[in-house]
Amino acid sequence: MSERPPAHIARLIPRLELTGTERILELGAAPGVAVAAIGPLLTGDGHVTALDRSAVGARRIRERNRALVDAGRVTVVEQDLTTLSATPPQRFDLIFASNVNVFWTHPRKANVDALAALLAPGGRLRLFYGYGPDDGAGSGRDTGSLVAATLRACAALTAVTVDGGSATLQISAERVG
């Protein structure tokens, strides 16, 4: 499908700082609009793995991105983030998510250690919250601080930062080299 992504997805794509050759994991990827926006930017070995816990969500990602899946640029995985294996078959240069709340609503279930293990050394983690300037992201809670605390509890992650200076809150971390 060639449709314009929603504004919150369009705002986060440049903040991923893509070169096009990354191996990328998107968490909570349904309905696949970020994958559809990133797919055409991929070059060389660039690839997106779209993770979603819902069978319906995984189906929607596949349907929206059929050409990218068929071309081998996108793999869709139906699995819950909280059950990720700590022994990954592959490593990712970038892991990102938009409005995946487990990091601040259920930090002990977030399985951040397994998530960090999926990052290649020097890999980047980017978590985004909010749909726009007036959406009340985090329902009045200090979402950025809560998510950052969850990430800082993981010894394998470093350089945890919170950027709340735009319409979309961004929490970033890197994998220890």
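Everything discussed here concerns the structure shown above.
Everything quoted here is computed from the prediction, not taken from an experiment. (Residues numbered from 1 in each chain as written. Predicted model: local features only at pLDDT ≥ 70, side-chain atom pairs only at ≥ 80, totals over all residues. Heavy atoms only, no water.)

S.K.: An account of the overall build of the chain is requested, with residue identities and associated values reported.
M.R.: Each helix and strand counted, the chain has seven helices and seven strands in total. N-terminal to C-terminal, the α/β element order of the chain is α-β-α-β-α-α-β-β-α-α-β-α-β-β. Principal axes of the C-alpha set define a box for the chain whose edges measure 40 × 40 × 30 Å. Looking at the 177 residues of the chain, the share that counts as buried comes to 47%. Residue pairs at least 24 apart in sequence account for 72% of intrachain contacts in the chain once pairs closer than 6 positions are excluded. Surface exposure of the chain reaches about 8,400 Å², of which carbon and sulfur atoms provide 51%. Of the charged side chains in the chain, 19 are positive and 17 negative, and the gap between their average positions amounts to 3 Å. (Helix = DSSP H or I, 4+ residues; strand = E, 2+ residues; numbered from the N terminus. Buried < 20%, exposed > 50% of the residue type's maximum accessible area, 1.4 Å probe, protein only. Contact = heavy atoms within 4.5 Å. Areas by Shrake-Rupley, 256 points an atom, 1.4 Å probe, with all protein chains shown as cover. Lys, Arg positive; Asp, Glu negative; His and termini not counted. Charge placed at Lys NZ, Arg CZ, Asp CG, Glu CD.)

S.K.: Provide a residue-level description of the sheet that holds strand E6 (residues 157-163), including the pertinent values.
M.R.: Two strands in a sheet stick together by hydrogen bonds in their backbones, pointing the same way (parallel) or opposite ways (antiparallel). Taken in spatial order, the seven strands of this open sheet run E3-E2-E1-E4-E5-E7-E6, and their pairing is mixed. Only two strands of the sheet have a single neighbouring strand rather than two, namely strand E3 (74-78) and E6. Here the strands of the sheet are splayed against their neighbours by 15° on average, with no regard to which way each runs. By the bridge criterion, four bridges tie strand E1 (residues 23-27) to strand E4 (residues 92-98) in an arrangement that is parallel. When the sheet's bridge partners are listed, Leu 25 is paired in E4 with Ile 95. Helix H3 (residues 55-64) contacts strand E2 (47-52) and E3 of the sheet and is inclined by roughly 170° relative to E3. Along the sheet face, helix H7 (residues 143-152) touches strand E5 (119-129), E6 and strand E7 (169-175) and points at about 10° away from the line of E7. (Pairing = 2+ DSSP bridges. Axes fitted to C-alpha atoms, helices over the stretch in contact; angles between N-to-C directions.)

S.K.: Would you mind going over the side chain of Asn 99 in detail, with residue names and values included?
M.R.: Here Asn 99 lies in the loop between E4 and helix H5 (102-105). Look at Asn 99 and you get buried, because its relative accessible area is 19%. Within the structure, the side chain of Asn 99 is placed 2.7 Å from the backbone nitrogen of Gly 130, a separation counted as a polar contact. Residues contacting Asn 99, with those up to four places away along its chain left out, are His 8, Phe 128, Tyr 129, Gly 130 and Tyr 131. (Polar contact = N/O pair within 3.5 Å; in protein donor to acceptor, adjacent residues only side chain to side chain.)

S.K.: Can you explain the pattern of salt bridges? Please cite residues and give values.
M.R.: Under the definition given, this model contains five salt bridges. Salt-bridge contacts for Arg 53 lead to Asp 80; the nearest nitrogen and oxygen are separated by 4.0 Å. Taken as a pair, Arg 53 in the loop between E2 and H3 and Asp 80 in the loop between E3 and E4 lie far apart in primary sequence, 27 residues in all. We classify Arg 53 as exposed; its relative accessible area is 65%. Put simply, Arg 66 and Asp 70 hold a salt bridge, and the shortest N to O gap is 3.8 Å. Here Asp 70 and Arg 66 lie together in helix H4 (residues 66-70), a separation of four residues that amounts to about one turn. (Salt bridge = Lys/Arg side-chain N within 4 Å of Asp/Glu carboxyl O.)

S.K.: For helix H1 (residues 7-15), give the residues involved together with the corresponding values.
M.R.: Helical geometry note: an α-helix holds 3.6 residues per turn, so side chains three or four residues apart project in the same direction. All of the buried residues along H1 are His 8, Ile 9, Leu 12, Ile 13 and Arg 15. With its buried residues spanning 160° around the axis, H1 presents them on a single face. In this structure, the buried side of H1 is in contact with helix H2 (33-38), E4, E5, E6 and E7. Phi turns positive one or two residues past the end of H1, at Glu 17, with a value near 55°. (Arc of directions from axis to C-beta.)

None of this, on its own, says anything about what the molecule does.
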